[in-house]
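# Coordinate analysis (summary)
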Amino acid sequence: MASVAAQATSRGSSLIAVIADEDTVTGFLLAGVGNVDLRRKTNYLVVDAKTTVKAIEDAFKEFTTREDIAIILISQYVANMIRFMIDSYKNPIPSILEIPSKDHPYDPSQDSILSRVKHMFSSDPTGSTDRV
C-alpha cells in the first residue's frame, strides 16, 4: 500500500480524465477538469452515436498509461461497451470510477469496481451478498 501512496505523490500535479456523453463531459469541462497538453492531447473523450468502440478502447488505454492522470471518470453505459477492459484493469492509479449520465441511470449491479469492494469486505468467500 505504501507504494501506491508513493506513486501518487511522485506524480505531482495529476489530472482527472473523462470518457462520457457530451453533456457530462461539458459539465466537467465547465468545472475546470479539461486539459490540453503541448502535443494537443486532451484528457477527455466525448462519446456519441458515431463514436466507435475502438475509439473508446484507445482512449481508455491512453488514459490508463498516461503518467499525469490519477482518476478516470467513465459513464457506466460507456464502460459497458468496454466491460472486458474495465474488469481486467487492476492498477490502483489511475482509479476508474463509473458515473451515471443524463440518459442512462447508474446501476450498482453493473459496476465492477463496486463489486470488487463488496467482495473485499464480504465475510462470504464467494462474494455473494444475498441473505437468507
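Residues numbered from 1 in each chain as written. Predicted model: local features only at pLDDT ≥ 70, side-chain atom pairs only at ≥ 80, totals over all residues. Heavy atoms only, no water.

The criterion, for reference: UniProt positions are given in the numbering used here, feature names are shortened, and annotations may be inferred rather than shown by experiment.
Going by an unreviewed UniProt entry, the protein carries the name V-type proton ATPase subunit F and comes from Sphagnum troendelagicum. UniProt lists a comment for the protein under the heading Subunit (unreviewed entry), and it reads "V-ATPase is a heteromultimeric enzyme made up of two complexes: the ATP-hydrolytic V1 complex and the proton translocation V0 complex." What the UniProt record of the protein gives under Function (unreviewed entry) is the line "Subunit of the V1 complex of vacuolar(H+)-ATPase (V-ATPase), a multisubunit enzyme composed of a peripheral complex (V1) that hydrolyzes ATP and a membrane integral complex (V0) that translocates protons. V-ATPase is responsible for acidifying and maintaining the pH of intracellular compartments."

## What to know about the overall build of the protein
Rule in force here: Runs of H or I in DSSP of at least four residues are treated as helices and runs of E of at least two as strands, each being numbered from the N terminus. Here the term buried applies to any residue with accessible area under 20% of the maximum for its type, exposed to any over 50%, and partly exposed to those in between, with areas from a 1.4 Å probe on protein chains only. For this analysis, residues touch if any pair of their heavy atoms sits within 4.5 Å. All accessibility values rest on the Shrake-Rupley procedure with a 1.4 Å probe; residue burial counts only the protein chains present in the view.
Looking only at helices and strands, the protein features six helices and four strands. In the protein, the order of α-helices and β-strands from amino to carboxyl end is α-β-α-β-α-β-α-α-β-α. Taken over 132 residues, the protein has a buried fraction of 33%. When contacts within the protein are restricted to residue pairs at least 6 apart in sequence, those whose partners lie at least 24 apart make up 65%. Accessible surface for the protein amounts to roughly 8300 Å². Of this, 59% is attributable to carbon and sulfur atoms.

## What to know about the nonpolar core
Note the following rule: We call a set of buried Ala, Val, Leu, Ile, Met, Phe, Trp, Tyr and Cys residues a nonpolar core when their side-chain atoms join them within 4.5 Å.
Ile19, Phe60 and Ile74 are the most contacted members of the largest nonpolar core, which totals 20 residues. With four residues, helix α3 (residues 53–65) is the single largest residue contributor to this core. With residues near it in sequence (within four places) discarded, Ile19 still touches Leu45, Val47, Ile56, Ala59, Phe60, Phe63, Ile72, Leu73, Ile74, Ser75 and Val78. Counting six residues, the second largest nonpolar core, distinct from the first, contains Val18, Val25, Val33 and Leu73.

## Considering helix α2 (residues 22–30)
As a reminder of what qualifies: Counting of polar contacts relies on pairs of N or O atoms within 3.5 Å, with two restrictions inside protein: one atom must be capable of donating a hydrogen and the other of accepting it, and residues adjacent in sequence are counted only when both atoms are side-chain atoms.
The N-terminus of α2 is capped by Asp21, whose side-chain oxygen sits 3.2 Å from the backbone nitrogen of Asp23. Looking one or two places after α2, you find Gly32, whose phi comes out positive at around 100°.

## Digging into the pattern of salt bridges
For clarity, the cut-off: By salt bridge we mean one thing: a side-chain nitrogen of Lys or Arg within 4 Å of a carboxyl oxygen of Asp or Glu.
Tallied over the entire structure, the rule returns six salt bridges. Lys102 is the partner of Asp23 in a salt bridge, and the nearest nitrogen-oxygen pair spans 2.6 Å. Separated by 79 residues along the polypeptide, Asp23 in helix α2 and Lys102 in the loop between β4 (95–99) and α6 (112–121) bring together distant segments of the chain. We classify Asp23 as partly exposed; its relative accessible area is 45%. In this structure, Asp68 and Arg66 form a salt bridge, with 2.9 Å as the shortest nitrogen-oxygen distance. Ionic contacts of the salt-bridge type, sharing partners, join the residues Glu62, Arg66 and Asp68 into one network.

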